[in-house]
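Report on the structure
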Amino acid sequence: MSGAFSTEVVETKLLTPQLRLVSVSYPELRPGGGGRRDWYVYAHGATTMLAIGLVLNTLGIGLFCWAIFTLAVYALPFFVTLSIGMTAFQSGAGLIGALLLATAGGALTLVFGQVAFAVTRSSALRISIATAFAAPAAVAGYHVVFALSHIGVPSLAWREIFACLGAVCIGVTSWTRLMVLAKTRPFEPGGVVENPS
């Protein structure tokens, strides 16, 4: 009976994990009890990588937000580019032809919008052109901010508030960029502007 009991005890000892005390702060001390201790810390590489990771993540998120903000401002030319490209590709223009047509269509939309805004004298027409550029930008800004707010905002009401603020901010930025890029210059028949004074 005692033999069976002792084998059970041996088997249990073999199955349980053996724990050893390992010094993390001082992995290897010099023998002899005196002298300099090795102060190497195991977390040295991990700390550096954590700091570099935080800096790179911050820069990456900032670059991502800047790119989304810039693209949302140009939502109407982007929509025209995408529509022309999809239509050209589906009609058989091929990948290169669809890309060329789409790029030309988006650029012409942006240029014609800015020129029409600069040339026209009617304030109602200017407001309608600026609204045509700002409304899709505001819708895109709403959706971008609403999607990004899922990361850190748990409340649906606050997500909606932030999304509405993002829509207003990006819509106003699109309106302002259209007005700044297409400054009005008075046109005279001879190309010379008369000095009013």
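One can find the structure itself at the top, above this paragraph.
In this report, we go over the structure that sits alongside the text. (Residues numbered from 1 in each chain as written. Predicted model: local features only at pLDDT ≥ 70, side-chain atom pairs only at ≥ 80, totals over all residues. Heavy atoms only, no water.)

Attention now goes to the packing of helix α3 (residues 75–90) against helix α4 (residues 94–119). A pair of packed helices is captured by two measures, namely the crossing angle of their axes and the spacing between those axes. Orientation of α3 relative to α4, taken along the N-to-C sense of each, is 150°, at an axis distance of 8 Å. Our classification of the angle between α3 and α4 gives roughly antiparallel. Between α3 and α4 lies a crossing whose hand is right-handed. Listed contacts from α4 to Pro-77, Val-80, Thr-81, Ile-84, Gly-85, Ala-88 and Phe-89 of α3 are Gly-94, Leu-95, Ala-98, Leu-101, Ala-102, Thr-103, Gly-105, Gly-106, Thr-109 and Leu-110. Here the contact of α3 with α4 is composed, by residue class, of 10 nonpolar, seven polar and no charged. (Axes fitted to C-alpha atoms, helices over the stretch in contact; angles between N-to-C directions. Helix = DSSP H or I, 4+ residues; strand = E, 2+ residues; numbered from the N terminus. Parallel < 35°, antiparallel > 145°, perpendicular 65-115°, else oblique. Left-handed = near helix turned anticlockwise from the far one by under 90°. Contact = heavy atoms within 4.5 Å. Nonpolar A, V, L, I, M, F, W, Y, C, P; charged D, E, K, R; others polar.)

For the rest of this paragraph, the subject is the environment of Gln-114. Relative to the helices and strands, Gln-114 is located in helix α4. With 15 residues separating them along the chain, Gln-114 and Ile-129 place their C-alpha atoms 8.8 Å apart.

A few words now on the packing of aromatic side chains. In the structure shown here, the tally under the stated rule is two aromatic pairs. Seen from their ring centres, Tyr-142 and Phe-146 are 6.0 Å apart, and the 5° between their planes marks the pair as stacked. Here Tyr-142 and its partner Phe-146 are both found in helix α5 (residues 123–149), four residues apart, which amounts to about one turn of the helix. Using a relative accessible area of 22% as the deciding quantity, one classes Tyr-142 as partly exposed. (Phe/Tyr/Trp six-rings, centres within 6.5 Å; stacked < 30°, edge-to-face > 60°. Buried < 20%, exposed > 50% of the residue type's maximum accessible area, 1.4 Å probe, protein only.)

Turning our eyes to something else, we now look at the side chain of Arg-159. Along the chain, Arg-159 turns up in helix α6 (residues 156–181). Of the side chains bearing the opposite charge, Glu-160 lies closest to the buried Arg-159, which forms no salt bridge; the N-O distance is 7.7 Å. A distance of 3.3 Å separates a polar atom in the side chain of Arg-159 from the backbone oxygen of Val-153. Contact partners of Arg-159, with chain neighbours within four places excluded, come to Phe-146, Ser-149, His-150, Val-153 and Pro-154. (Lys, Arg positive; Asp, Glu negative; His and termini not counted. Salt bridge = Lys/Arg side-chain N within 4 Å of Asp/Glu carboxyl O. Polar contact = N/O pair within 3.5 Å; in protein donor to acceptor, adjacent residues only side chain to side chain.)

This next bit is on the environment of Leu-76. Relative to the assigned elements, Leu-76 resides in helix α3. Look at Leu-76 and you get buried, because its relative accessible area is 19%. Sequence-wise, Leu-76 and Leu-110 are 34 residues apart; in three dimensions their C-alpha atoms are separated by 8.2 Å. In this structure Leu-76 touches Ala-132, Phe-133 and Pro-136, once residues within four positions along its chain are discounted.

A word on a nonpolar patch on the surface. A surface patch of nonpolar side chains, about 520 Å² in accessible area, is lined by Met-49, Ile-52, Val-55, Leu-56 and Leu-59. Considering the arrangement of structural elements, one finds Val-55 in helix α2 (residues 44–73). (Patch = residues over 30% accessible without salt bridge, like charges linked within 9 Å, V, L, I, M, F, W, Y side chains within 5 Å. Areas by Shrake-Rupley, 256 points an atom, 1.4 Å probe, with all protein chains shown as cover.)

With that settled, the discussion passes to the nonpolar core. Membership of the largest hydrophobic core is limited to six residues, which are Leu-76, Phe-117, Ile-129, Ala-130, Phe-133 and Leu-178. If one sorts the elements of this core by residue count, α5 sits on top with three residues. (Core = buried A, V, L, I, M, F, W, Y, C linked by side-chain atoms within 4.5 Å.)

With that settled, consider α3. With 16 residues, α3 should cover 22 Å at 1.5 Å per step; its first-to-last C-alpha distance of 22 Å lies within 8% of that length. Here α3 has its buried residues at Ala-75, Leu-76, Pro-77, Gly-85 and Ala-88. Gly-92, located one to two residues past α3, shows a positive phi value of around 105°. (Expected span 1.5 Å × (residues − 1).)

Right, let's get into the packing of α3 against α5. Interhelical geometry of α3 versus α5 gives an angle of 85° and a closest axis separation of 7 Å. Between α3 and α5, the angle falls in the class roughly perpendicular. Between α3, through Ala-75, Leu-76 and Pro-77, and α5, the contact on the second element is made entirely by Ala-132, Phe-133, Pro-136, Ala-137 and Ala-140. Among the residues forming the contact of α3 with α5, the class breakdown is eight nonpolar, no polar and no charged.

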